[in-house]
Amino acid sequence: MTTILAHLFDGKTAKAQLVSVEIVNDALRIVSDTGAPLGNWNLASLRDENAGPSSGELRLSVSGNDAARLIVVNLDFIREIKARCSRLHKSRPPMAGWWKPYLFWGGGAIASIILIFTVVLPVLTTQIAWIIPDQLREDIGEQTKNFLIDTIASKQNSTAEAIICRDPRGEREIVKVLQTLNASSGEEVQNLQVTVLKSPMANAFALPGGKILVFSGLLDLADDANGFSGVLAHELAHAKFRHPMKSFVLSTGVATIFSLMVGDVSGGVALATLGQMAVSSTYSRDLETEADEMAVLLMQSSGFDVSPMTGFLKKIHESNKSEGYGFAFFETHPGIEERLALIKAAGETGGAAMRQEAWDHVRKMCQ
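Quick look at the structure, then.

1. Description of the nonpolar core
Inference 1: Ile174, Leu181, Val214, Leu218 and Phe228 are the most contacted members of the largest nonpolar core, which has 54 residues in total.
Inference 2: Among all residues touching Ile174, those that are not within four sequence positions of it are Val194, Val196, Phe228, Leu232, Met354, Val362 and Met365.
Inference 3: By size, the runner-up hydrophobic cluster in this structure holds 22 residues, among which are Leu28, Val62, Val72 and Leu88.

2. Examining the pairing of strand S8 (residues 193-197)
Inference 1: Burial within S8 is extensive, with 4 of its 5 residues counted as buried.
Inference 2: Pairing analysis gives 5 bridges linking S8 to strand S10 (residues 211-215), with the strands arranged parallel. Bridge pairing in S10 links Val194 to Ile212.

3. Brief notes about the pattern of salt bridges
Inference 1: In this structure the tally under the stated criterion is 11 salt bridges.
Inference 2: Between Arg166 and Glu161 there is a salt bridge; the shortest N-O distance is 3.2 Å. Across the pair, exposure class does not vary: Arg166 and Glu161 are exposed alike.
Inference 3: For Asp223, the salt bridge goes to Lys315, with nearest N and O atoms at 3.1 Å. Of this pair, Asp223 sits in the loop between helix H7 (216-221) and helix H8 (225-240) while Lys315 sits in helix H13 (residues 309-323); the two residues are 92 residues apart in sequence, bridging distant segments of the chain.
Inference 4: Owing to a relative accessible area of 58%, Asp223 belongs among the exposed residues under this scheme.
Inference 5: Note on Lys315: relative accessible area 30%, which makes it partly exposed.
Inference 6: Each of Arg169, Glu173, Lys176 and Glu357 takes part in one network of salt bridges that share partners.

4. Considerations on the pairing of strand S4 (residues 37-42)
Inference 1: Where strand S3 (residues 27-31) meets S4, 5 bridges bridge the pair, whose relative direction is antiparallel. Bridge pairing links Ala27 to Asn42 in S4.
Inference 2: Where S3 folds back on S4, the antiparallel hairpin that results is connected by 5 residues, among which Gly35 adopts a positive phi of roughly 95 degrees.

5. Things to note about the state of the cysteines
Inference 1: Under the criterion given, the structure shown has 1 disulfide.
Inference 2: Through a disulfide, Cys165 is tied to Cys366; the S-S separation comes to 1.9 Å. Measuring the twist about the S-S bond at about 115 degrees, one finds the Cys165-Cys366 disulfide to be right-handed. Linking Cys165 in the loop between helix H5 (160-163) and helix H6 (168-183) with Cys366 in the segment after helix H15 (356-363), this pair joins segments that are 201 residues apart in sequence.
Inference 3: Cys165 gets classed as buried once you look at its relative accessible area, which sits at 3%.

6. Remarks on the packing of aromatic side chains
Inference 1: In the structure shown here, the tally under the stated rule is 2 aromatic pairs.
Inference 2: Between Phe205 and Phe215, the aromatic rings sit 5.9 Å apart at their centres with planes inclined by 85 degrees, giving edge-to-face as the arrangement. Of this pair, Phe205 sits in strand S9 (residues 204-207) while Phe215 sits in strand S10; the two residues are 10 residues apart in sequence, bridging distant segments of the chain. Accessibility classification places Phe205 together with Phe215 in one group, the buried group.
Inference 3: Ring geometry for Phe228 against Trp359: centres 5.9 Å apart, planes inclined by 40 degrees, an arrangement best described as tilted. Of the two residues, Phe228 sits in helix H8 while Trp359 sits in helix H15, which places them 131 residues apart along the sequence.
Inference 4: Under the relative-accessibility criterion, Phe228 is labelled buried at 1%.
Inference 5: Overall, Trp359 belongs to the buried group, its relative accessible area being 2%.

7. A word on the environment of Arg355
Inference 1: Relative to the elements of secondary structure, Arg355 occurs in the loop between helix H14 (336-345) and H15.
Inference 2: As a C-alpha pair, Arg355 and Glu173 span 182 residues in sequence and 9.5 Å in three-dimensional space.

8. Details of the sheet that holds strand S1 (residues 4-9)
Inference 1: If you trace the 7 strands from one edge of the open sheet to the other, you get S4-S3-S2-S1-S7-S6-S5, paired in antiparallel fashion. Here the strands that pair on one side only, and so sit at the sheet edges, are S4 and strand S5 (47-48).
Inference 2: Here S1 runs beside strand S7 (residues 69-72); their pairing, made up of 3 bridges, is antiparallel. The residue of S7 that forms the bridge with Phe9 is Arg69.

Parameters at a glance
- Residues numbered from 1 in each chain as written.
- Predicted model: local features only at pLDDT ≥ 70, side-chain atom pairs only at ≥ 80, totals over all residues.
- Heavy atoms only, no water.
- Core = buried A, V, L, I, M, F, W, Y, C linked by side-chain atoms within 4.5 Å.
- Buried < 20%, exposed > 50% of the residue type's maximum accessible area, 1.4 Å probe, protein only.
- Contact = heavy atoms within 4.5 Å.
- Helix = DSSP H or I, 4+ residues; strand = E, 2+ residues; numbered from the N terminus.
- Pairing = 2+ DSSP bridges.
- Salt bridge = Lys/Arg side-chain N within 4 Å of Asp/Glu carboxyl O.
- Disulfide = S-S within 2.5 Å.
- Phe/Tyr/Trp six-rings, centres within 6.5 Å; stacked < 30°, edge-to-face > 60°.

As structure tokens, this is what we get:
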């Protein structure tokens, strides 16, 4: 079997290790870049930890007790793993004695509530987010984008057309970076679309269907293209994992999804709920951590230096605190210290995301 390169998160440190992987007998042999053996993962124990099945990436774990994750993007190797691991997408059996904490804290009634909110709903929303037809997700994203632009324009005593930045060169340069990031790791987000709005808020967020909104306040704060590109990578990671759709399902309820599927795509209550969810970006700690890790991997795989994000994110944090705005990258757990540690651990590797001339056009596209 051919040896391939993959990224290993050992579950103890934030930095990904570049490792060599090959199949030997019935196990994955993992070796560091120095040649040190890091483990033999039994094929029968492997599980794909992605939110939904993906043809372009495996996020492998070997045990429910082991936080290590091995990210594989080599398509031939992925096919080989899928062919040899029949339980790759099966749920792991529950740990022995899993019921005891629930029994201790209140018996059957309380245990039922905990199970509903911590197990049933997350699993249900994840599954629904991945089975919703692509066209419906795009319709929801487009309707919500228009709703948000109208709302923001109204608050600024302006019009939707007036607050959309229309600079073809700047838009092309942003799209070029997003396309590079999109193609660098795993299955690509289809119909990716970015809209830049004139607003002092240093903010950006992803919507269902590959829609990303960016506020010009980010461009005003950015010292270079890589810090800005890192934020794009974070929002793209949310889109890759369909976090916006999952949050929408969780926020609005399954009944709303069913109503949308039979034609009520522009329902005001549903759009208002998704709009509020997008602005506040109330993703769980797990989803934010997943997006953080993928953003760093996307930047590295694209050959972009991730280190400039450190200073940029500090500036965003301070700016939004002083202005009273929320920002998706900071307002939910994990906190800023943990996220900055992840970026610092990635090191100073790679080059610029844009040429200086291109970056100058992007920075001035809303002026």
